[in-house]
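# Commentary on secondary and tertiary structure
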Amino acid sequence: MVNISNLGYPRIGENREWKKTLESFWKGNITENQFESEMKSIRLQSIEKQLRLGIEIIPVNDFTYYDHVLDFATMFGWIPTRFGDLSEKPSLHTYFALARGDKDLVACEMTKWFNTNYHYIVPEYQYDRKSKLLYNKPLASFLEVKNELGIITKPVILGIYTFTQLSKGYKKEDKYAVVKELLPVYIQMLKELEDAGVEWVQIDEPAFVLEETNEDFQLIKEIYSEICEALPSLSIMLQTYFEGVEQYHDLITIPVKGIGLDFVHGREENVNALKKYGFPEDKVLACGIVNGRNIWKNNLEESIQLIETLQSLIQPKDWWIQPSCSLLHVPVTKKKEDSLEPTVLAALAFADEKIEELVVLRKALEFGSDAVKQEIEKVKQSFEHLNKLNTKSNEIRSLSEEDFNRAIPFKERYQFQKEALNLPLLPTTTIGSFPQTKEIKIARQQWRKGELPESDYRHQIKLKIKEWIEVQESLDIDVLVHGEYERTDMVEYFGEKLKGFAFTKNAWVQSYGSRCVKPPVIHSRVEFMKPMTVDETSYAQSLTKKPVKGMLTGPVTILNWSFVREDHAKEDIANEIALALRKEIKALEESGISIIQVDEPAIREGLPLKKRNWEAYLNWVTRAFRLTTAGVQKMTQIHTHMCYSSFSDIMDAVIELDADVISIEHARSHEEFSSYLAENPYPLGIGLGVYDIHSPRVPSVQEMEQNIVGSLKVCDIQQFWINPDCGLKTRDEKEVIQALSNMVISAKKVREHY
Ligand code: GLN
Ligand code: ZN
């Protein structure tokens, strides 16, 4: 038998009702009762919708008021003591304070959920407090749907191992003790579910795809044996996703009733494991077959073939087909996309359409693929049409190794650049953007709606550029920028001007809390059309004798922050973007720009989950960056910028970028990175951010001077640059002027000592 299951459904609602409800509650525009009842209706609607679309095993408790990891942390009492001594379910106020802070309390840490763009709140274990079940949210969610709709659903529970791995507050060597301390509480939660008539629970253990040790797996087996023994009539679907599982042969000996595997992202590994070790006949196999992390139609033919292959290999108790992971990571429905190019629209499948695909797949498995011939044909056609959108010859094939390497080595070209640019010791610069004022944002909106003529909009941008070139000159900054006033977003701006991109109206995906993002779609070959930044940059340059730094977003960041095709290698897409940007760089050079920064803040977040795959990733990533930048003349100085994390573990790859200068976020990981650099001197130009731009505080001259002096202990002064941590577009103008003025003074003071 084949059943259709789901692992989780987007919370945000078709029109982001969830976000709007949250935000109006936070603003005090609705009462707690209104909030609860609005949320309940969103929650129940999504259950009814999944049922209507054909899901048979419907998840509950995937819904949350903020974050599912935070839900479990508050259920078990794993929250910092500054939030008070919890003895029961926290109030809504406390719950949101944990996530966002309030006037007295600093929020908990937030970090990325595996390799997705979803961010969770990090639970904090407390040594001085015993874990306790303060409330049972999965139970409440299950009962709600049972009572209101009469449907038996499958509660989704965060696995005890993954939960502990994602938490902080305990020493590494105490991990086993901590898991065991939590275990009885965890079992109590599940017991209450069992008693309430739950048939299946889905226990999510994505950490099983990481490279955990044998010892860890022994612990995992032990815990799950205990769980299963305590809950004889509860069926557990042990769910993994995002990659192939490690230690498959151990995993299948765990006495749960079902195992869920990702056959999209871990296809090869999981299929090989099944071939090698088989699959227990007394367990259900849940096959993640439709990509839960992308927006394209499923290749039905391939999926049917895959399941048929699996069916020829193994005989599980039952088959479930489902998305590869929770649909949390994709937009809700493509129904509202009425302004997309039809060829692009036809190839898309968001959450609701993915569920429909599962229904088609089941039909094929029941009645043979002939029964879904039309659907298969339609998918094929969609992609054939899509591929015809851009048929120009592929320049990537004619590249040679020289295109990836600068002709002259760093030491030599840096010397040329120094002379040509005539910069002082410890040159000062900024990361690119200056504060975006309300007027500029309003002007852009009006221009987009056609209410403001393009020439007026451009004129306003130019005025802003002029104003800030003057500001930078009066502050005596050495390398100026134009300020990025024409950009709302560093990827969107380039996507709109390159061929191969599409922008949706409503394809929102939750990033953290109520914040949603709408990534662009790269649907066909990326191509340069005409210069994208030359007007603004060369206008800025015409106003000053100091060098103005051109400002581009790098190929890997554009790729990692977009939805990309599954049937094109990421490496190829990155190289296409690189070639397009290479042309932009050429155009900038030709217009007299001698310093060009190519931002790559998102390189690190694209790292594969398994460390053994890092090298291959970093290899194509650095090549794409070099393809973008290596064609310049020796005098042209290439800068790059990185932020959002610490970089010690990928510094070898950063060096491989061969950028003349890198500016890197530093204020928040100061100690760690400095001691790394002390051991591993950076061989190219570098600017370690001298102040944190995320806070409205204006740092003093003395503070920055100390930072610089500290950095010079581990960096070569001849190659050191002075800059803030990141772009300044979110700050206010007055603050920025004061901070930059102090920054320049501090640089000058340090110069005097050398
Ligand atoms: N040049 C960009 C800016 O200053 C860089 C943004 C980023 O690193 N995220 O805004
Ligand atoms: Zn940055």
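Residues numbered from 1 in each chain as written. Chains lettered and ligands numbered in written order. Predicted model: local features only at pLDDT ≥ 70, side-chain atom pairs only at ≥ 80, totals over all residues.

It is worth spelling out the overall build of the chain at this point. Each helix and strand in the chain was counted, giving 26 helices and 20 strands. Against the globule reference of 27 Å for 754 residues, the chain gives a C-alpha radius of gyration of 27 Å, in line with a compact fold. By its C-alpha atoms, the chain is 75 × 60 × 50 Å across when sized along the principal axes. Buried positions account for 47% of the 754 residues belonging to the chain. Expressed as a percentage of contacts within the chain between residues at least 6 apart in sequence, the contacts between residues at least 24 apart total 79%. (Helix = DSSP H or I, 4+ residues; strand = E, 2+ residues; numbered from the N terminus. Rg over C-alpha atoms; globule rule 2.2 N^0.38 Å. Buried ≥ 20, exposed ≤ 12 C-beta atoms within 10 Å, placed from the backbone. Contact = placed C-beta atoms within 7 Å.)

The strand order across the open sheet built from three strands is S11-S14-S16, with neighbouring strands paired in mixed fashion. A single partner strand is all that each edge strand has here, and the edge strands are strand S11 (499-502) and strand S16 (563-564). As paired elements, strand S14 (residues 521-527) and S16 share two bridges and run parallel to each other. Each residue of the ladder has a partner; that of Val-521, found in S16, is Phe-563. In this fold helix H21 (residues 570-590) packs onto S14 and S16, with an angle of close to 55° to the strand it touches most, S14. (Pairing = 2+ DSSP bridges. Axes fitted to C-alpha atoms, helices over the stretch in contact; angles between N-to-C directions.)

Let us look at the pairing of strand S7 (residues 235-239). Judged by how many residues are buried, S7 sits mostly within the fold: four of five residues are covered. Here strand S6 (residues 200-204) pairs with S7 via five bridges, running parallel. Pairing of Trp-200 across the sheet is with Ser-235, part of S7. Once you follow S6 into helix H8 (residues 214-230) and on to S7, the crossover reads as right-handed. (Right-handed = clockwise from strand over helix to strand, strands pointing away.)

As recorded in UniProt, the sites labelled "binding site: L-homocysteine" (unreviewed entry) are Ile-431, Gly-432, Ser-433, Glu-484 and Asp-599. Spanning 169 residues, the annotated positions come together in the fold, the maximum distance between their C-alpha atoms being 12.8 Å. Apart from residues no more than four positions distant in its own chain, Ile-431 is found in contact with His-641, Ser-663, Asn-723, Pro-724, Cys-726 and Gly-727. Along the chain, Gly-432 turns up in the loop between helix H15 (410-421) and helix H16 (438-448). A count of 25 C-beta atoms within 10 Å places Gly-432 in the buried class. Among all residues touching Gly-432, those that are not within four sequence positions of it are Val-481, Glu-484, Met-551, Gln-597 and Gly-727. (UniProt positions renumbered as here; feature names shortened; annotations may be inferred.)

Turning next to the packing of helix H2 (residues 32-53) against helix H5 (residues 137-149). One can describe the packing of H2 onto H5 by two numbers: an axis separation of 11 Å at closest approach and a directional angle of 70°. It follows from the interaxial angle that H2 and H5 lie roughly perpendicular. Note on packing geometry: the crossing formed by H2 with H5 is right-handed. Across from Leu-44, Ile-47 and Glu-48 in H2, the residues of H5 making contact are Val-145, Glu-148 and Leu-149. When grouped by side-chain class, the residues that make up the contact of H2 with H5 number four nonpolar, no polar and two charged. (Parallel < 35°, antiparallel > 145°, perpendicular 65-115°, else oblique. Left-handed = near helix turned anticlockwise from the far one by under 90°. Nonpolar A, V, L, I, M, F, W, Y, C, P; charged D, E, K, R; others polar.)

Our next topic: unusual backbone geometry. Unusually for a residue other than glycine, Phe-114 sits at a positive phi of about 50°. A count of 17 C-beta atoms within 10 Å places Phe-114 in the partly exposed class. Within the chain, Glu-484 stands out as a residue other than glycine whose phi angle is a positive 60°. Looking at the element boundaries, Glu-484 is found in the loop between helix H17 (454-475) and helix H18 (492-495).

Here we take up the sheet that holds strand S15 (residues 549-553). Here we have five strands laid out as an open sheet, ordered S15-S17-S18-S19-S20, and parallel in their pairing. The open sheet has two free edges, formed respectively by S15 and strand S20 (685-688), since each of these has just one partner strand. The mean angle between the axes of side-by-side strands here comes to 20°, regardless of whether they run parallel or antiparallel. Bridge analysis of strand S18 (residues 637-642) against strand S19 (residues 661-664) gives four bridges, and the strand direction is parallel.

Taken together, the buried positions of helix H19 (residues 534-542) are occupied by Glu-536, Thr-537, Ala-540 and Gln-541. Looking straight down H19, one finds that the buried residues subtend no more than 130° of arc, so they occupy a single side. For H19, the secondary structure elements touched by its buried residues are H17, S15 and H21. (Arc of directions from axis to C-beta.)

On to the packing of H17 against H19, then. Interaxial distance between H17 and H19 falls to 10 Å at its minimum, and their mutual angle equals 40°. One way to sum up the angle between H17 and H19 is to call them oblique. For the pair H17 and H19, the sense of crossing is right-handed. Of the residues in H19, those touching H17 at Ile-461, Lys-462, Ile-465 and Ile-469 are Glu-536, Tyr-539 and Ala-540.

Generally speaking, soluble globular proteins have nonpolar side chains that are buried together. Counting 192 residues, the largest nonpolar core has Cys-287, Ile-295 and Ile-577 as its most contacted members. A total of nine residues in this core trace back to one element, the largest contributor, which is H21. Those residues in contact with Cys-287 that sit more than four places away from it in its chain are Leu-261, Phe-263, Ile-307, Leu-310, Trp-319, Trp-320, Ile-321 and Gln-322. (Core = buried A, V, L, I, M, F, W, Y, C linked by C-beta atoms within 7 Å.)

It is worth spelling out the pairing of S14 at this point. For S14, the buried fraction is high: six of the seven residues fall into the buried class. Where S11 and S14 come together, three bridges link them in antiparallel fashion. By the bridge assignment, Ala-502 is partnered in S14 with Val-521.

We now examine the UniProt feature "binding site: Zn(2+)" (unreviewed entry) in the chain. Feature annotation in UniProt assigns "binding site: Zn(2+)" (unreviewed entry) to the following positions: His-641, Cys-643, Glu-665 and Cys-726. The greatest C-alpha distance among the annotated residues, which extend across 86 residues, is 8.2 Å, indicating that they converge on a single site. Within the element layout of this structure, His-641 appears in strand S18. Structurally, Cys-643 can be placed in the loop between S18 and helix H23 (651-656).

Structurally, Val-661 is set in strand S19. The class of Val-661 is buried, set by 25 C-beta atoms lying within 10 Å. Separated by 24 residues in sequence, Val-661 and Gln-637 have C-alpha atoms that sit 7.7 Å apart. Those residues in contact with Val-661 that lie beyond four places of it in its chain are Gln-637, His-639, Gly-685, Ile-686, Gly-687 and Trp-721.

Before going further, it helps to spend a moment on H15. Helical geometry: 3.6 residues make up each α-helical turn, so side chains three or four residues apart lie on a common side. Between its terminal C-alpha atoms H15 stretches 16 Å, which fits the 16 Å expected from 12 residues at 1.5 Å a residue. Following H15 by one or two positions, Asn-422 has its phi on the positive side, about 55°. (Expected span 1.5 Å × (residues − 1).)

As a further point, take the environment of Val-290. Mapped onto the elements, Val-290 comes out in strand S9 (residues 284-290). Residue classification places Val-290 among the buried positions, given that 29 C-beta atoms sit within 10 Å. A sequence separation of 352 residues divides Val-290 from Met-642, and the C-alpha atoms of the two residues are 34 Å apart. Each residue touching Val-290, except ones within four places of it in the same chain, is listed here: Asn-298, Pro-323, Ser-324, Lys-354, Glu-357 and Leu-358.

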